[in-house]
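If you want the building blocks of each chain, they are given just below.
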Amino acid sequence: ILLDERAALIFSLLSSILAVLTLSSDMYGFFYVLMCNLIGILTIRSAVQRVGFVGAGFKLGSAAIALFMVLQYAKLAPFGFAGGLLGSTLALLSGPITTGLLVFLLPLFERLFMVTTVMRLQELGNINLPLIRELIVRAPGTYNHSVTVGTLSEGAAEAIGLNPIFARVACFYHDIGKSIHPEYFVENQRGENIHDRISPEESVKLVVDHVTKGIRMARSAKLPSAMIDIIPQHHGTKVLTYFHQKAKNRVSAADEIDDTQFRYPGPKPQTKMAAVIM
């Protein structure tokens, strides 16, 4: 869940060897531990909500019972009713206990290792969360823009092997700074345009400021760092061409306008995901 299936397979093999050496067990014990790990990977891979862990735990426990019974017969071990009942009960409980612990520990691991799981992304995509709700109410035009960009980015990310859910959810938050002063941005304006009354240099400062405010809001809400990075990087160091052209129109053709003061501060996209969203 935190990394990928390849890491899980490698860990399963190594942990199974370590378990056998620690318990001085035989090949049957190694096979039991390894198979339980592999079955656990298969049952947990389809869990996209935390409640899905519970179902995966009972599937794993049921498979562990069957594996326990088969191995007992395979090695021709004495198999009384009491021993079989105890072993089956422990095998059944091993799945729910493990996944139950996972439900409580996963949020800690997400914060500790700065990993954004599918479950965390689905939680962040809830439109009733304060940041998104404020964006919907105060800047509905920006919210609609964010949904559209999210849909396009989701398809593009999936096409090149990136996480499509992350792309869509990150777009919900990429312009949250606009909810502070939504009237500065054309998609939220209804009639009067404040930029008609001020200089293009002032306009640039007001527009670019939504990046700084967005980063501050995202950090206060404890969004994942990879998602916060999207806020400045999706603009990169692009020129705000509308205001740059407006400034050029105010001076004679012989005068030069320095475009550096009409650029976003950056940085340029540092990841494929940031480039896709840009």
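Before reading further, recall that the structure is shown in the block above.
Residues numbered from 1 in each chain as written. Predicted model: local features only at pLDDT ≥ 70, side-chain atom pairs only at ≥ 80, totals over all residues. Heavy atoms only, no water.

Caption draft 1: Summary view of the nonpolar core. The biggest cluster of nonpolar side chains holds 40 residues, and the ones touching the most others in it are Tyr173, Leu223, Met227, Met273 and Ile277. Elements that contribute at least two residues to this core include exactly α5 (118–124), α6 (130–138), α7 (140–159), α8 (164–173), α9 (200–220), α10 (225–233), α11 (241–249) and α12 (272–277). In contact with Tyr173, not counting residues within four places along its chain, are Leu124, Leu129, Leu131, Ile132, Leu223, Met227 and Ile231. Membership of the second largest hydrophobic core comes to six residues, among which are Ala47, Phe53, Ala56 and Met119. (Core = buried A, V, L, I, M, F, W, Y, C linked by side-chain atoms within 4.5 Å. Buried < 20%, exposed > 50% of the residue type's maximum accessible area, 1.4 Å probe, protein only. Helix = DSSP H or I, 4+ residues; strand = E, 2+ residues; numbered from the N terminus. Contact = heavy atoms within 4.5 Å.)

Caption draft 2: Unusual backbone geometry, seen in detail. Pro267 follows Gly266 through a cis peptide bond whose omega is 10 degrees. Take Pro267: it is sitting in the loop between α11 and α12. Notably, Ser24 is not glycine yet its phi reads approximately 50 degrees, a positive angle. In this fold, Ser24 is placed in the loop between α1 (5–23) and α2 (27–44).

Caption draft 3: Representation of the pattern of salt bridges. By the definition in use, this model includes nine salt bridges. With a closest N to O distance of 3.2 Å, Glu201 and Arg250 form a salt bridge. Highlighted residues: Glu201 in helix α9 and Arg250 in the loop between α11 and α12, separated in sequence by 49 residues. On the accessibility criterion, Arg250 (53% relative accessible area) is exposed. Residues joined in a network through salt bridges with shared partners are Asp175, Lys178 and Glu187. (Salt bridge = Lys/Arg side-chain N within 4 Å of Asp/Glu carboxyl O.)

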